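Working through the structure, step by step
Residues per chain are reported as follows:
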Amino acid sequence: MKTPELKPCPFCGSHAKTMYVPFDDHGHVIHIFRVYCFFSRCAVIERRNLDKDAAKSEAIERWNTRCYPSDVRPVQINNQN
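Residues numbered from 1 in each chain as written. Predicted model: local features only at pLDDT ≥ 70, side-chain atom pairs only at ≥ 80, totals over all residues. Heavy atoms only, no water.

1. Digging into the packing of aromatic side chains
This is how it is decided: Classification of ring pairs uses Phe, Tyr and Trp, with its six-membered ring standing for Trp, and accepts pairs whose centres are within 6.5 Å; under 30 degrees between planes counts as stacked, over 60 as edge-to-face, and the remaining range as tilted. By definition, any uninterrupted DSSP run of H or I lasting at least four residues is a helix, any uninterrupted run of E lasting at least two residues is a strand, and each is numbered from the N terminus. Should the NZ of a Lys or the CZ of an Arg lie within 6 Å of a ring centre and within 35 degrees of the ring normal, that charge is described as sitting over the ring.
Within this structure, the stated rule accounts for one aromatic pair. Here Y20 and F33 contribute two aromatic rings whose centre-to-centre distance is 4.8 Å and whose plane-to-plane angle is 35 degrees, an arrangement assigned as tilted. In this pair, Y20 is assigned in strand β1 (residues 16-25) and F33 in strand β2 (residues 28-37), connecting sequence segments 13 residues apart. Just above the ring of Y20 sits the side chain of K52; from NZ or CZ to the centre is 4.5 Å. Seen from the ring of W63, R66 lies directly overhead, with NZ or CZ sitting 3.7 Å from the centre.

So this is what it looks like as structure tokens:
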């Protein structure tokens, strides 16, 4: 299974990062991959699977297909005092 390319955050445009956490569940390793916004941490996608490559691919695929709901607009922050 080929791992998809990791795209930037669709909400803020920040770089995305992955985090891998193996979890031992009574002798079975559950592979947990998280994809998150590196700078703003505005979102996290997490996938768990017994297959490490599948968990990573699923997390990245879900991250890459996120979008704004049609009734939500991004918040504009004004830093003026």
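2. A short note on the pattern of salt bridges
Operational definition: In what follows, salt bridge is the name for a side-chain nitrogen of Lys or Arg lying within 4 Å of a carboxyl oxygen of Asp or Glu. Think of it in three bands: with a 1.4 Å probe and only protein chains considered, a residue is buried below 20% of the maximum accessible area for its type, exposed above 50%, and partly exposed in between.
Evaluation of the coordinates by the stated rule reveals three salt bridges. Across the salt bridge formed by R34 and E46, the nearest N and O atoms sit 2.4 Å from each other. On the criterion of sequence distance, the pair formed by R34 in strand β2 and E46 in strand β3 (residues 44-49) is long-range, its members being twelve residues apart. Overall, E46 belongs to the partly exposed group, its relative accessible area being 28%.

3. Quick notes on the sheet that holds β2
Note the following rule: Each pair of strands is called paired provided DSSP finds at least two bridges between the two strands. For helices, the axis comes from a line fit to the C-alpha atoms of the stretch in contact; other axes are also lines fit to C-alpha atoms, and the angle between any two N-to-C directions lies between 0 and 180 degrees. Working rule for contacts: check all heavy atoms of both residues, and any pair within 4.5 Å makes them a contact.
Strand order in the open sheet made by the three strands is β1-β2-β3, with antiparallel pairing throughout. This sheet does not close on itself; its edge strands, each paired only once, are β1 and β3. This sheet shows a mean twist of 20 degrees between the axes of neighbouring strands, independent of strand direction. Running at roughly 155 degrees to β3, helix α1 (residues 52-64) makes contact with β1, β2 and β3 of the sheet.

4. Some details on α1
Inclusion rule: Given a helix with a known number of residues, its expected span is that number minus one, times 1.5 Å. Polar contacts, as counted here, are pairs of nitrogen or oxygen atoms within 3.5 Å of one another; within protein the pair requires one atom able to donate a hydrogen and one able to accept it, and residues that are adjacent in sequence qualify only if both atoms are side-chain atoms.
If you check α1, its first and last C-alpha atoms are 19 Å apart, about what 13 residues at 1.5 Å a residue would give, namely 18 Å. Those residues of α1 that fall on the buried side of the exposure criterion are A54, A55, S57, A59, I60, W63 and N64. Residue D51 occupies the N-cap position of α1, its side-chain oxygen lying 3.0 Å from the main-chain nitrogen of D53.

Geometric descriptors of this kind do not, in isolation, establish any biological role.
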